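Chain residues, written in single-letter form:
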Amino acid sequence: MSLRWFLVLLVCCALPWSAMAATEIEISAPGEQSIPLALTELLPEQGPQSGKVTGEFYEVLVADLDLSGLFRFISPEAFLDDAKRISLYSTQVNFSQWRLLGAETLIKGTYSLSGEKLVVEARLFDVVNRRMLTGRRYVGVLKDVRRMAHAFADLVLKALTGEEGPFSSRIAYISDQSGHKELWLMDVDGKEKIRLTDHRSIVLNPDFSPRGREILFTSYRANNPDLYRKEISSGKEAKLSYKPGLNVAGRMAPNEREIALTLSKDGNPEIYLVDTSGRIRKRITDSWGIDSDPSWSPDGSRLAFISNRQGNPHVFIADIFSGKAQRLTTRGKYNATPAWSPKGDRIAFSRQEGGHFDIYSIKTDGTDERRLTFGPGNSEHPRWSPDGRFIVYSSDQAGKRAIYVMRADGTGSRSLTSAENDSRHPAWSPRW
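Conventions used here
Residues numbered from 1 in each chain as written. Predicted model: local features only at pLDDT ≥ 70, side-chain atom pairs only at ≥ 80, totals over all residues. Heavy atoms only, no water. Buried < 20%, exposed > 50% of the residue type's maximum accessible area, 1.4 Å probe, protein only. Helix = DSSP H or I, 4+ residues; strand = E, 2+ residues; numbered from the N terminus. Pairing = 2+ DSSP bridges. Axes fitted to C-alpha atoms, helices over the stretch in contact; angles between N-to-C directions. Phe/Tyr/Trp six-rings, centres within 6.5 Å; stacked < 30°, edge-to-face > 60°. Lys NZ or Arg CZ within 6 Å of the ring centre and 35° of its normal. Salt bridge = Lys/Arg side-chain N within 4 Å of Asp/Glu carboxyl O.

Asks: Could you clarify how one ought to interpret the pairing of strand E12 (residues 214-219) in this entry?
Replies: Looking down a regular strand, the side chains alternate between one sheet face and the other. In terms of residue burial, E12 counts as a mostly covered element, since six of its six residues are buried. Residues of E12 alternate between two faces, with Glu214, Leu216 and Thr218 on one and Ile215, Phe217 and Ser219 on the opposite face, all of them buried. Here four bridges tie strand E11 (residues 203-208) to E12, and the two strands are oriented antiparallel to one another. Across the sheet, residue Phe208 finds its bridge partner in E12, namely Ile215. For E12 and strand E13 (residues 226-231), the ladder comprises six bridges, and the chain directions are antiparallel. Directly across from Glu214, in E13, lies its bridge partner Glu231.

See below:
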């Protein structure tokens, strides 16, 4: 889904990757290198000053870039006079001052406010090589300031890693904040929460369409666990699959022409493919056990799912065309909710060990299994960010279940919702 809430005008494109490869600050993953970053507040260029603009833009950038794990922030208390000077171009920046503080990268910017109209210009500089790496001009209204900051954080990651960040995407989840388990939507930093359903019943298992225009979810609104689809922009909603019994864990294929889901219309829960009108196209599994929680491979050729066909619930991978399934996990007595990485190389899942659930990931050939969370409480239902850098999940470590996000290696965990309400079943949208 495009960012229709403001117009983005390109001022300075990111350097070609071939040029970036020669810089001293190239980095591709957290933990490889910590880049010293000086992050200054936006300066007013014209019009009235606004603490809301400077404060919120700074707050969002700090949170996003800190979550990335790529940066070490230079203390603002050490900043010298160049931090208070408008300098949007390399010839205007006093790089010597920033090198004195140990900074290797620098973010500077300005804003202009006229009524509700807001213009923000932000720049990322390579202090070592005394040049601008990238920059953008964002035009919108005052309420768009947080989205502008998320968009610039995405741009910063692209300039330094070659791949755009996920901060302009959003997270769907289930919360009982209204008194019922309804579907909600929030930014990746846990802000701007909005409720999407008013079923006044039990809503479960949301998942975005690959282009992010729709959300699939299950609801007991009609006293049966039926599968619904909802257009995010219009709010239009329709019942998609309402066969007797379970219609749960719907996941749309990458081509958006098929949906994998669990049906129990014949008594035993099995995984089927249905078209976008709910008509069954193919049965994928056929075993005596319970088969559930499908997750598509990025190329749409395979499904990861949970089955207890060989005893305890384990992660299996099925070929869409042949239906042949192969067991992936070999450890643990209860594995659940697999999620295929958008990069295609790993599958995240939850496992019960010692009486509680934790999050794990494993390569798609069954090797290199890694435990990512270590309690306390239960951590479940992992879902990947669209760039594969982060995982969102639910945990009851602070009491009631809340939504958390962490880096894909298990570091940097932080909560996105409070433990005052029960929040679970997160799903991460594509980039908006």
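Asks: I'm lost on the pairing of strand E16 (residues 258-263) in this one. Help?
Replies: Buried residues dominate E16, accounting for six of its six residues. Alternating positions in E16 separate into two faces, Glu258, Ala260 and Thr262 on one and Ile259, Leu261 and Leu263 on the other, with burial throughout. Summarising the sheet, strand E15 (residues 247-252) and E16 pair through four bridges and their orientation is antiparallel. The residue of E16 that forms the bridge with Asn247 is Leu263. In this structure, the hairpin formed by E15 and E16 is closed by a connection of five residues, where Glu256 is found at a positive phi of approximately 60°. Relative to strand E17 (residues 270-275), E16 runs antiparallel, the two being bridged by six bridges.

Asks: For this particular structure, what's the right way to read the sheet that holds strand E19 (residues 291-296)?
Replies: Read from one edge of the open sheet, four strands run E19-E20-E21-E22, paired in antiparallel fashion. Two strands close off the open sheet at either side, each with one partner strand: E19 and strand E22 (325-327). On average, each strand axis in the sheet is tilted by 30° relative to the strand beside it, whichever way the strands run. Across three bridges, the pairing between strand E21 (residues 314-319) and E22 is antiparallel. Residue pairing in the sheet places Phe316 in a bridge with Arg327 of E22.

Asks: Would you mind going over the packing of aromatic side chains with me for this structure?
Replies: One pair of aromatic rings is described through two measures. These are the centre distance and the angle between the planes. Scanning all chains against the criterion turns up nine aromatic pairs. Each ring, one from Phe167 and one from Phe390, has its centre 5.9 Å from the other, and the planes form 45°; the classification is tilted. Of this pair, Phe167 sits in the loop between helix H4 (145-161) and strand E8 (170-175) while Phe390 sits in strand E28 (residues 390-395), and the two are 223 residues apart along the sequence. Per residue, the accessibility class of Phe167 equals that of Phe390, and both read buried. Taken together, Phe167, Phe390 and Trp428 form an aromatic cluster joined through their ring pairs. Stacked on the ring of Tyr89, the Lys or Arg Arg123 has its end atom at 5.6 Å from the ring centre. Taking the ring centre of Tyr242 as reference, the NZ or CZ of Lys239 above it sits at 5.5 Å.

Asks: Would you take a moment to explain the sheet that holds strand E10 (residues 194-195) for this structure?
Replies: Across a sheet, paired strands are connected by hydrogen bonds in the backbone, their directions being either parallel or antiparallel. Judged by pairing direction, the sheet is antiparallel, and its four strands sit side by side in the order E10-E9-E8-E31 without closing on themselves. Where the open sheet ends on each side, the last strands, each with one partner, are E10 and strand E31 (423-428).

Asks: In this structure, what is going on with the pattern of salt bridges? I would like to understand it.
Replies: A pair can form between side chains of opposite charge whenever their charged atoms are brought close. For the structure shown, the criterion picks out 36 salt bridges. Of the charged contacts, one joins Asp291 and Arg309 as a salt bridge, the two residues approaching to 3.1 Å between their closest N and O atoms. Taken as a pair, Asp291 in strand E19 and Arg309 in the loop between strand E20 (302-307) and E21 lie far apart in primary sequence, 18 residues in all. Using a relative accessible area of 0% as the deciding quantity, one classes Asp291 as buried. Looking at Arg309, the relative accessible area reads 21%, which means it is partly exposed. Of the charged contacts, one joins Arg371 and Asp358 as a salt bridge, the two residues approaching to 2.7 Å between their closest N and O atoms. Of this pair, Arg371 sits in strand E26 (residues 370-371) while Asp358 sits in strand E25 (residues 356-363), placing them 13 residues apart in sequence. Note on Arg371: relative accessible area 33%, which makes it partly exposed. Via salt bridges that share partners, Asp81, Asp82, Arg85 and Lys108 belong to a single interconnected network.

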